[in-house]
Every structure is written in structure tokens, then in C-alpha cells.
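# Secondary and tertiary structure notes
Each chain is listed here by its residues.
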Amino acid sequence: MEKAAGSAAVGGSYPQKNAEILSSQYGINLFLAGLLLTFAWAVHAVGISKSHLLSYLITLMLIQLLWMLWYLCRSCTQRRLIRDKDTHAGARWLKCGITLFAVITLILDSFKIGYYIDFSNCLSPTEGIFPVTHAVHTILQVYFLWCHAKDVIQSFKTLERFGVIHSVFTNLLLWTNGVLTESKHQLNEHKERLITLGFGNITIVLDDHAPQCNCTTTTLCSIFSQGIYYLYPFNIEYHILASTMLYVLWKNIGRKVEHHQQNKTPFKFHGITVGMIFGLIVLTSTIAIVVVYLIQIGGSKIKSELALTMFYLHAIFVLALMCTAGIVALLIYRLEDRSLDNSKNPARKLDAELLVGTAAGSWLLSWGSILAIICAQAHPKYTWYNLPYSVLVIIEKYIQNLFIIESIHREQEKVNDDIKTLRIVTVSCGSTLSLTPLYKEIYNGRATRDTGEVPCLFKGSICGRENDGAGVDTEETGQDNSSVMHSASDFSFCSRSSVTNNKRRILKNIAAFLFLCNLSLWIPPAFGCRPEYDNGLEEIVFGFEPWIIVVNLAMPFSIFYRMHSAASLFEVNCKT
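Residues numbered from 1 in each chain as written. Predicted model: local features only at pLDDT ≥ 70, side-chain atom pairs only at ≥ 80, totals over all residues. Heavy atoms only, no water.

Right, let's get into the overall build of the protein. A tally of helices and strands in the protein yields 15 helices and six strands. Across the 576 residues in the protein, those meeting the buried criterion constitute 47%. Here the analysis covers contacts within the protein between residues at least 6 apart in sequence; of these, 85% occur between residues at least 24 apart. Accessible surface, the protein: about 29700 Å² in total, of which carbon and sulfur atoms supply 65%. (Helix = DSSP H or I, 4+ residues; strand = E, 2+ residues; numbered from the N terminus. Buried < 20%, exposed > 50% of the residue type's maximum accessible area, 1.4 Å probe, protein only. Contact = heavy atoms within 4.5 Å. Areas by Shrake-Rupley, 256 points an atom, 1.4 Å probe, with all protein chains shown as cover.)

Next up, the structure:
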């Protein structure tokens, strides 16, 4: 009988495994077809226009909309059923972050609609349909993620796997489209800047996809066309966050969840003042550097060189601070004896893989810059700052990844269930005086009342008692022998607690500081401050086209790494 049951269980897993493989292959082919279509439009392939790409994306979004509506309707009819939830997936702060990016994405869609209206005489109707469809898709998808990101789907599993994986790769294609459009705009600006730096030996041909007609309202067209490219970074982050949340939902389909209480870890500003102050200083100075950089770069050769030098010096200082903070945090972890949580957790596993995978993008750029500095025959003065900058980028990500991955895998401190109260005992003038006891409920978070009998604080050593007259008379004879033991035990407990609290406070400040630093380092590349484009040395060594291809492939992962690191560090701060 046991063998039959075991074989049935094993046999039942095969259809689900096949469904997982088939759905993943469906998603990959969907993505590759869209990727090839995007590439064909980017290189001006014969017979491929932007309307073909947008039609494909519109079709994918409409299919996803139909699936989400079907899922929401089915969930509404079964709302009384108790469903399994993955408490680690779809954290509230993550939902708030994706909502913020979605709101800015809706503003971007409204700008695109206005741009289409102004150039409607020479633009394809798909360029007007796309932002409308995308806006509806964004609104419904955010609602879907808010309500169902934690779901562990146990019914219609095969169909749901295809629906969820379709949504994952639809968002990845929308992310790719946004990255390509934004990169082409940055590339045109970069080519113009190279002229001011004196790199005249590089062939510069602008890649122009501008409409071939006049705008009906010149002022509005300028606002829409410029504003669109400043909003693209938020749209890019929105789609990559949505795809990661949907991927976790896909991995959770058919999963057996262990039912246990998940401790809530709210974010608190208390105790992280130092980290927040230093982090805000870095954030403010970074914004100022970016503004000056964008104003100075391309103005003249001297101004461009000064802008690059200023950027490198500021980045070197910030990265050095981040390396120091990360090393201190890792040293504190080495001094603690706490086991790691190795339980199955798709969300945590994905976080660790994304950190290492996306860090490879900036590592590739850094090694390219190091090789260019070593191999170049001529070295303008500002390019030498690129060497320590590139080395620090590699080291900082290495240290930070270790800190974050260990932090999210560390088990939270467990407190003995028997310890419900804490009484501070002092010894003064040969008599034991019991101060007013402090009661704290460990699990319920409520204050308990004194029932006259306090549980033992240390098994076999100290036991709290009520300070009544009878108790004092009984203990007078053995007071001299026991008072030393009581004092030593209390002092030892308080010392250990104080050391633990100090370590915890330092770790929280480090996490808060690194959180703000990663937000700071996300801003420059996201808004066009990219020295990998502008210093010109790599283009001379590797060639203009090869290096631009490397930068365009690696830069999106580097940008995403900073935002994902910031999100992970926020979680670390809450758990510490």
C-alpha cells in the first residue's frame, strides 16, 4: 500500500513538471521572437517598422489582460475559500515601490499620447493605441499584484502556469523596448559629446527615428519629447519589478507551503539616525553632481573633462565608504554565532540570483575600462581616475552581495518561550531591592499583568519573587551568599543584551546607509550621467561600435542592480 501511494505521488508530479517545462519554453520562445523583432527595428531591417513591433507588444498585453481578468473573476467567485499564501512574496514595501513606478509610467503614457496627437499626420495608429493599451495594462497589473502576489495557486495549475509565464515575458519585452528606446536617445547625445572631447577620428552618425513631419504645437512637442526620456528610467524599473514578482508567483504554483506564523518586520526610523544622515548627505551630493555633470558635459573640452573628473572623485569617495561599511557589517556577522535559514524560499532565492547576475553587467564594464587604461597609448589626465573607480566598483559589489545574501539567509533571533518578563534586581546595603518589573509579551506584543508569580529568568539560578514582608524574612539568612550570585547573573545578562543591541544598531545603520547610497548610485546612469559613454578611451581601444554594444547590453543590468540592492537592503534593515 505504501509503495502504491508513493508511486501515485511520484506519478502525479510528472504532469506538473511537464507543465513547468512546457510553459517556460513557451515564454522563452515568446521572448526571443519579440527580441528579434526589437533588434530588427533597431537596425532598420528591411520590411520591419516600429508599427510591427508595437503590434506584437499590444497583442501580448491584450492576452495578459484577458488572463488577469479571468483570474480575478475566478478569485472573486471563490473568495470564501481559504488559500495558501507565501508570506515571503510580495512584501508591502515592494508593492508600494511598484505602485510609485506605475504612477510615473502612467504619466509617461499620457506624454506618449500627447506626442502622438501632435504628430498624428505621419505616425502609425499603433503608436497611439500602444500607450492607451499600456496604461490599462499597468493599472490592472498593479491591482493584480497587490491582491494576488502572495497566492500559491493549487487549481487549474497547467493553465495558470502558461498565463503567469506569459505575463513574465510580456513585462520583460516591455522592459527591453523601454531600454532600447532610452539607449538610442542616450547614444545620440553621447555621439555629440564625443566631438567636444576631441575624438574626431570616431565616425559619428546619428540614429534618428524622429517623425518625418512638422509638429502641430511646437512647445508641447518639445515638452513631450524631452519629458518622455526623463520618465523612461521609472518605466524600466516598473516592468522589471513586475516581472520578478510574477516569476515568484509562477514558481509558487503547486507548491506545498509550510504553515507557520510569519513575524512582521515593520520599518522604523528609530536607531538609524547616523546611517540616515550620512546616506542623505551622499544622496544630496550625488544629485548635485549629476546636475552639474549634465550641464557641463558637452559644453567644451575643458568643461567636459572637469565634469568627468568631478564625477570620478565623488564616486570613488562614495564607493570607498560603502566598502568600509560592508566590511564592518561582515566582521560583525563573523563575531556572531547564528545559523542560516536554508528552507525553500523562491523569493529569497531569486533575490540572491538577481544580485549576482545583474552585478555581472557593471563588472563587465569595469573590466573593460581597466583593460582600456592599461592598453591605451595616450591617457588624458581624467582617464586615470577611471582606474580606481572601476576597481572599487568590482570590490564594492562583491562585498555588498556577500552582506545582503548572508543577511537575508540569517535566522532571526529566537527567544525562549519561558521568558515572559524581565526583573531588574539590585543589591544595596546588604538587602535585595526589587525595582518595578518591566513586562513585555514576546509574541503578542501586549503588556501582561503581575500575577504574583514571576517565571524563572535563568533555569536553576534566579527566580523572581514578590517583595513582600514574608519573603524578606525568609531570605535574610542566605542573603549574603546569594546576593553576589544574583548580581553577577544579572550583570552578565545585561552585558550580553547590551552588546547584542549595539551590534544590531550598527547593522541597521549600515543597512540604512547602503540603502541610500544605492539609490544615489542609481540616479546617475538612469538619468544620462554615464562616463562609460563619455570618456572616449574605451571607444579608441575596443572600437566605437563594439564598445557601444557592450555598454548598451551591460548598462541596464547595472542600473537594475542598484535598485534591486536598495530594495534588498530595505528588507535587511527591517529584519535586523
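Further remarks concern the side chain of Glu396. Counting through the fold element by element, Glu396 comes out in helix α10 (residues 386-409). Other than its neighbours up to four places away in sequence, Glu396 contacts Leu319, Met322, Cys323 and Arg562.

Once that is clear, we can look at the pattern of salt bridges. Applying the stated criterion across every chain yields a total of five salt bridges. Where Arg74 meets Glu160, a salt bridge forms, and the shortest distance between an N and an O atom there is 2.5 Å. Taken together, the residues Arg74 in helix α2 (residues 50-77) and Glu160 in helix α5 (residues 157-196) connect sequence positions 86 residues apart. Residue class for Arg74 comes out buried when judged on its relative accessible area of 9%. Take Glu160: its relative accessible area is 0%, and that puts it in the buried class. Between Arg562 and Glu396 there is a salt bridge, with its nearest N and O atoms 3.0 Å apart. Highlighted residues: Arg562 in helix α15 (residues 544-575) and Glu396 in helix α10, separated in sequence by 166 residues. Both residues of the pair, Arg562 and Glu396, count as buried. (Salt bridge = Lys/Arg side-chain N within 4 Å of Asp/Glu carboxyl O.)

Inspection of the entire model under this criterion finds zero disulfides. Of the cysteine sulfurs around Cys76, a residue in no disulfide, the closest is that of Cys73, at 7.3 Å. (Disulfide = S-S within 2.5 Å.)

This next bit is on the packing of aromatic side chains. Both the distance between ring centres and the angle between the ring planes are used here to describe each pair of aromatic rings. Across all of its chains, the model carries 20 aromatic pairs by this definition. Here the aromatic rings of Tyr26 and Phe162 are separated by 5.7 Å at their centres, their planes lie at 55 degrees, and the arrangement is tilted. Of this pair, Tyr26 sits in helix α1 (residues 2-42) while Phe162 sits in helix α5, and the two are 136 residues apart along the sequence. The class of Phe162 is partly exposed, set by a relative accessible area of 27%. Connected via pairs of aromatic rings, a cluster forms that spans Phe101, Phe234, Trp522 and Phe527. (Phe/Tyr/Trp six-rings, centres within 6.5 Å; stacked < 30°, edge-to-face > 60°.)

A word on helix α6 (residues 218-251). Here α6 spans 49 Å end to end across 34 residues, near enough to the 50 Å set by a 1.5 Å rise per residue. Maximum bend of α6: about 40 degrees, positioned at Leu231, with proline Pro233 one to four residues after it. (Expected span 1.5 Å × (residues − 1). Bend = angle between axes of the 7 residues up to and from the residue.)

Right, let's get into the nonpolar core. Ranked by internal contacts, the top residues of the largest apolar core, which has 121 residues, are Phe144, Phe311, Met322, Tyr389, Phe403, Leu514 and Trp522. Two domains share this core, each providing at least three of its residues, namely domain 1 (15-200 + 213-256) and domain 2 (268-412 + 499-575). Discounting residues that sit within four places of it in the chain, Met322 has contacts with Glu396, Gln400, Phe513, Leu514, Cys517, Asn518, Leu521 and Arg562. (Core = buried A, V, L, I, M, F, W, Y, C linked by side-chain atoms within 4.5 Å. Domains from an automatic or database assignment.)

Here the focus is a nonpolar patch on the surface. On the surface, Leu371, Ile374, Ile540, Val541 and Phe542 cluster together to form a nonpolar patch covering roughly 430 Å² of accessible area. For the nonpolar patch, the element with the highest residue contribution is helix α14 (residues 537-542), accounting for three residues. Mapping Ile374 onto the fold places it in helix α9 (residues 346-375). (Patch = residues over 30% accessible without salt bridge, like charges linked within 9 Å, V, L, I, M, F, W, Y side chains within 5 Å.)

Right, let's talk about the confidence of the model for the protein for a bit. Low-pLDDT stretches of the model should not have their predicted coordinates read in fine detail. For the protein, the average pLDDT comes to 77, and 72% of its residues sit at 70 or higher. Taken as a whole, residues 1-11 scores under 50 in pLDDT and shows zero contacts with residues more than four places along the chain or in a different chain. Residue range residues 415-477 is modelled with pLDDT below 50. Its contacts to residues more than four positions away, or to other chains, number 69 contacts. (pLDDT = per-residue confidence, 0-100.)

Here we come to the environment of Phe119. As for its placement among the helices and strands, Phe119 is situated in the loop between α3 (92-118) and α4 (126-148). For the pair Phe119 and Thr216, spaced 97 residues apart in sequence, the C-alpha separation works out to 7.0 Å.

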